[in-house]
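# A closer look at the structure
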Amino acid sequence: MKFYLISDNVDTLMGMHLAGIDGVVVHEEEEVRKTLSEAMNREDIAVILMTERLVSLCPELIYDLKLNRKQPLIVEIPDRHGSGRAKDSITRYVREAIGVKI
């Protein structure tokens with residue numbers, strides 16, 4: 001089982017390649033959806049790494065897959081421009097997942 005990167009940034013892809021992680025660079029929402037669908041159906045991928053900007057292009061799809069699919073795990077990572085994550089993103093994710101406000 002291996003990692004796979006879906007990035008909007010060539011620098012992020014090159015860094016992951018140095019760590020032995022394969023991946024692809026995409027920029028448009030339709031490309032993200034197609035690439036993610038293909039990666040989700042591959043049996044050799046255990047973890048999909050996605051840059052924050054790409055997750056923000058189709059958040060409803062990402063959250064649906066995170067909540068309803070056991071494998072592969074989707075992990076949102078910051079790119080070289082820093083974190084665009086909202087302060088309450090983990091709290092919001094828990095609230096959406098289990099319906100409890102914390």
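A separate point is unusual backbone geometry. Backbone phi values are negative for most residues with the exception of glycine, while trans is the configuration of most peptide bonds. Put simply, Q71 and P72 share a cis peptide bond, and its omega is -5°. Its place among the elements puts P72 in the loop between α4 (59-68) and β4 (73-77).

Turning next to the sheet that holds β4. Sheet architecture is open: 4 strands sit in the order β2-β1-β3-β4, paired in parallel fashion. Taken across any chain shown, the strands that pair with only one partner, and hence form the sheet edges, are β2 (22-25) and β4. Pairs of neighbouring strands in the sheet enclose a mean axial angle of 20°, with direction left out of account. Two strands pair when backbone bridges link them, and strand β1 (residues 2-7) and β2 are joined in this way by 4 bridges, in the parallel orientation. If you follow L5 over to β2, its bridge partner there is G23. Sheet strands touched by helix α1 (residues 10-18): β1, β2, β3 (45-51) and β4. Its angle to β2, the strand with the most contacts, is close to 170°.

This next bit is on the nonpolar core. One finds I6, L36, I48, M50, I62 and I74 to be the most contacted residues of the largest nonpolar core, which totals 16 residues. Elements with a contribution of two residues or more to this core: β1, α2 (29-40), β3, α3 (52-57) and α4. Broken down by element, the residue count for this core peaks at 4 residues, all from α2. Beyond its immediate stretch of four places on either side in the chain, I74 contacts L36, M40, I48, M50, I62, L65 and K66. L5, L13, I21 and V47 belong to the second largest nonpolar core, which has 8 residues in total.

For any two aromatic rings, the description comes down to two numbers: the centre-to-centre distance and the angle of the planes. If you walk through the whole model with that rule in mind, you get 0 aromatic pairs. A cation sits over an aromatic face here: R42 above Y4, 5.3 Å from the ring centre.

Turning our attention to the environment of R69. Within the secondary structure, R69 sits in the loop between α4 and β4. Classification of R69 by relative accessible area gives partly exposed; the value is 33%. Placed 29 residues apart in sequence, R69 and M40 show a C-alpha to C-alpha distance of 9.1 Å. Excluding its chain neighbours within four sequence positions, the residues that come into contact with R69 are M40 and N41.

What counts as what
Each chain carries its own residue numbering, running from 1 in the direction its sequence is written. Restriction of local features to residues with pLDDT of at least 70 applies here, the model being predicted, together with a cutoff of 80 or more for giving and counting side-chain atom pairs; totals for whole chains, interfaces and linings are based on all residues. Think of the side-chain values as coming from all heavy atoms in the structure, minus any hydrogens and water. We count a stretch as a helix when DSSP gives it H or I for four or more residues in a row; a strand needs E for two or more, and each element gets its number in order from the N terminus. Criterion used throughout: strands pair if DSSP finds at least two bridges between them. Orientation is described by axes fitted as lines to C-alpha atoms, over the contacting stretch for helices, and by angles from 0 to 180 degrees between their N-to-C directions. Contact criterion: two residues are considered in contact whenever any of their non-hydrogen atoms come within 4.5 Å of each other. Note on terminology: a nonpolar core comprises buried Ala, Val, Leu, Ile, Met, Phe, Trp, Tyr and Cys residues joined through side-chain atoms within 4.5 Å. A simple rule labels every residue: compare its accessible area, found with a 1.4 Å probe on the protein chains alone, to the largest value its type can have, and call it buried under 20%, exposed over 50%, or partly exposed in between. Side-chain rings of Phe, Tyr and Trp (the six-membered ring for Trp) are treated as a pair once their centres are within 6.5 Å; stacked means planes under 30 degrees apart, edge-to-face means over 60, and tilted covers the remaining angles. For a lysine, the NZ atom is tested; for an arginine, the CZ atom; a charge sits over a ring if that atom is within 6 Å of the ring centre and within 35 degrees of the ring normal.

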